Amino acid sequence: MATSEALSAEWASKTERFFKNIKDSADVLSKEEELIQQQEGYDNMSQYYDKGTPELLGYRGHILTAEFCNKFYGNGDKNIKILDIGAGTGLVAEELRDKYGFQNIYGMDINEKLLMKAQAKNCYKVTIH
């Protein structure tokens, strides 16, 4: 009887691990699917982001970020290196360059289509995808 109970316990443990692995795999897949959906959303948004977001939604993040950079670094060298993480379409870099005269800006974003829009503005020394 003890052997049968031991085998049952071992089988139950293996079954539990098996289903846990399946659940963990499903969690990874759902996270990957979520990332793919986010990427697709940004891809679609890239077409109208520059006009739609600031004008229609009143977005001012790029303006506030550029003001912040200028406040802390604007009195010094306008050629300091600035890394724009999550560069998107380059709204921050455009503001930094056009309004405050910063020239040494590097852009990084995970979305290629948004970054292509940013590159077209010639605000960045280098862009990284």
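Quantities reported herein were computed from a predicted structural model and do not represent experimental measurements.

A. Examining the overall build of the protein chain more closely. Along the backbone of the protein chain there are 5 helices and 3 strands. From first element to last, N terminus to C terminus, the protein chain shows the α and β order α-α-α-β-α-β-α-β. Within the protein chain, the fraction of its 129 residues that count as buried is 27%. When contacts within the protein chain are restricted to residue pairs at least 6 apart in sequence, long-range pairs at least 24 apart make up 53% of them. Taken as a whole, the protein chain presents about 9,200 Å² of accessible surface, with 57% of it coming from carbon and sulfur.

B. View of helix 5 (residues 112-120). Within helix 5, the full set of buried residues consists of Leu-114, Leu-115 and Ala-118. The arc that holds every buried residue of helix 5, seen down its axis, measures 95 degrees, which confines them to one face. Of the residues that open helix 5, the one with a side-chain oxygen 3.1 Å from the backbone nitrogen of Lys-113 is Asn-111.

C. Geometry of the pattern of salt bridges. Within the structure shown, the criterion is met by 2 salt bridges. The partner of Arg-97 in a salt bridge is Asp-98, with the nearest N and O atoms 2.6 Å apart. Taking relative accessible area as the criterion, Arg-97 reaches 21% and is therefore assigned partly exposed. A relative accessible area of 52% places Asp-98 in the exposed class.

D. Looking closely at the packing of aromatic side chains. In the structure shown here, the tally under the stated rule is 1 aromatic pair. Seen from their ring centres, Phe-68 and Phe-72 are 4.7 Å apart, and the 50 degrees between their planes marks the pair as tilted. Within this pair, Phe-68 and its partner Phe-72 are both found in helix 3 (residues 61-73), separated by 4 residues, close to a single helical turn. Sitting over the ring of Phe-102, Lys-78 keeps its end group 4.7 Å from the ring centre.

E. Inspection of the confidence of the model for the protein chain at higher detail. Predicted confidence across the protein chain gives a mean pLDDT of 81, with 80% of residues reaching 70 or more. Here helix 1 (residues 2-45) is the element of the protein chain with the lowest mean pLDDT, 69, and strand 2 (residues 105-108) is the one with the highest, 96.

F. How the structure looks around the packing of helix 3 against helix 4 (residues 91-100). Running from N to C, helix 3 and helix 4 point in directions that differ by 50 degrees, and their axes come no closer than 8 Å. The angle between the axes of helix 3 and helix 4 places the two elements in the oblique class. Note that helix 3 runs across helix 4; the crossing there is right-handed. Packed against helix 3, whose contacting residues are His-62, Ile-63, Thr-65, Ala-66, Glu-67, Cys-69 and Asn-70, the element helix 4 presents Leu-91, Val-92, Glu-95, Leu-96, Lys-99 and Tyr-100 at the interface. Of the residues in the contact of helix 3 with helix 4, the class split is 7 nonpolar, 3 polar and 3 charged.

Basis of the calculations
- Residues numbered from 1 in each chain as written.
- Predicted model: local features only at pLDDT ≥ 70, side-chain atom pairs only at ≥ 80, totals over all residues.
- Heavy atoms only, no water.
- Helix = DSSP H or I, 4+ residues; strand = E, 2+ residues; numbered from the N terminus.
- Buried < 20%, exposed > 50% of the residue type's maximum accessible area, 1.4 Å probe, protein only.
- Contact = heavy atoms within 4.5 Å.
- Areas by Shrake-Rupley, 256 points an atom, 1.4 Å probe, with all protein chains shown as cover.
- Arc of directions from axis to C-beta.
- Polar contact = N/O pair within 3.5 Å; in protein donor to acceptor, adjacent residues only side chain to side chain.
- Salt bridge = Lys/Arg side-chain N within 4 Å of Asp/Glu carboxyl O.
- Phe/Tyr/Trp six-rings, centres within 6.5 Å; stacked < 30°, edge-to-face > 60°.
- Lys NZ or Arg CZ within 6 Å of the ring centre and 35° of its normal.
- pLDDT = per-residue confidence, 0-100.
- Axes fitted to C-alpha atoms, helices over the stretch in contact; angles between N-to-C directions.
- Parallel < 35°, antiparallel > 145°, perpendicular 65-115°, else oblique.
- Left-handed = near helix turned anticlockwise from the far one by under 90°.
- Nonpolar A, V, L, I, M, F, W, Y, C, P; charged D, E, K, R; others polar.

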